[in-house]
Amino acid sequence: VRSSIFASNTKFCLRDSDMNTVSHFWGLILATVIALLPLINPFAAAPTFLAITEGDTPARRNQQLRMACIYMVAILISFLIGGTFIMGFFGISIPGLRIAGGLLVAGIGSGMLVAGPKDANQTKQEQEAARAKRDIAFSPLAMPMLSGPGAIAVTIGLTSLSTAWTDYIAIIIG
């Protein structure tokens, strides 16, 4: 009788290994958010988006924004899944990618700190060319702005923390 009571009580208790798995899952979600949010930086992309879509209807802006987010997620998931295969093909290791990604992010940051004067004519020409584009969701929004090289490098680097398919799900959720 005692063993059956013990067996029924253990059905509702989590083992230490289950708790480690759950904490690892939530840790990966949190790590993904903390690592990717500053690189994706939607707050910095908002003024560019508003400048490019100036004169568009709110419905058109929302549609472009929705498609840009879908493209960004698709790009990052494709590099999450296929990035290790690409790196293996070219013989690049995860530590090498982390070093290159860190140098890339440091270079971007130093470029933001020491920004040179911008040419107003070139900026106006670029804005006119961007306004002339019919679909801006993939380029320039999704690919270079939201899911740029830094975000792709971090996404591939997060695969080194994965031990099971549930870890990939946690990274995708994050």
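As shown above, the structure is provided for reference.
Predicted, not measured: the structure shown is a model, and the values here were computed from it.

Procedures and definitions
- Residues numbered from 1 in each chain as written.
- Predicted model: local features only at pLDDT ≥ 70, side-chain atom pairs only at ≥ 80, totals over all residues.
- Heavy atoms only, no water.
- Helix = DSSP H or I, 4+ residues; strand = E, 2+ residues; numbered from the N terminus.
- Contact = heavy atoms within 4.5 Å.
- Phe/Tyr/Trp six-rings, centres within 6.5 Å; stacked < 30°, edge-to-face > 60°.
- Buried < 20%, exposed > 50% of the residue type's maximum accessible area, 1.4 Å probe, protein only.
- Arc of directions from axis to C-beta.
- Core = buried A, V, L, I, M, F, W, Y, C linked by side-chain atoms within 4.5 Å.

Go over the overall build of the protein with me, naming the residues and quoting the values.
Helix and strand counts for the protein stand at nine helices and zero strands. Taken from the N to the C terminus, the helices and strands of the protein come in the order α-α-α-α-α-α-α-α-α. Excluding contacts between residues fewer than 6 apart, the proportion of contacts in the protein whose partners are at least 24 apart in sequence is 81%.

Requested: an account of the packing of aromatic side chains, with residues and values cited.
By convention here, two paired aromatic rings are described through the distance between centres and the angle between planes. One pass over the structure, following the stated rule, counts three aromatic pairs. For the pair Tyr71 and Phe138, a centre-to-centre distance of 5.5 Å together with 80° between the ring planes defines the contact as edge-to-face. In this pair, Tyr71 sits in helix α4 (residues 58-90) while Phe138 sits in helix α7 (residues 137-146), placing the two residues 67 residues apart along the sequence. Tyr71 gets classed as partly exposed once you look at its relative accessible area, which sits at 26%. Under the relative-accessibility criterion, Phe138 is labelled partly exposed at 40%. Judged by centre distance (5.0 Å) and plane angle (80°), the rings of Phe89 and Phe90 are edge-to-face. Residues Phe89 and Phe90 agree in their burial class; the two are exposed.

Could you give an account of helix α3 (residues 42-52), naming the residues involved and the relevant values?
Within α3, burial applies to Ala45, Phe49 and Ile52. The arc that holds the buried residues of α3, viewed along the axis, is 60°, so those residues lie on one side.

Explain unusual backbone geometry to me, and be specific about the residues and the numbers.
In this model, Ser139 is joined to Pro140 through a cis peptide bond whose omega is 15°. Here the phi dihedral of Asn41 falls at roughly 45°; this positive angle occurs in a residue that is not glycine. In this fold, Asn41 is placed in the loop between α2 (16-40) and α3.

Outline the nonpolar core, supporting the account with residue identities and numerical values.
The biggest cluster of nonpolar side chains holds 21 residues, and the ones touching the most others in it are Ile40, Leu76, Leu146 and Ile156. Among the secondary structure elements, those contributing two or more residues to this core are α2, α3, α4, α5 (94-113), α7 and α8 (149-158). Element by element, the count of residues in this core is highest for α4, at five residues. Non-local contacts of Leu76, meaning those with residues more than four positions away in its chain, are made with Leu36, Ile40, Ser147, Ala151, Ile152 and Thr155. Counting residues in each nonpolar core, the second largest holds six residues, with Leu28, Leu80, Ala170 and Ile171 among its members.

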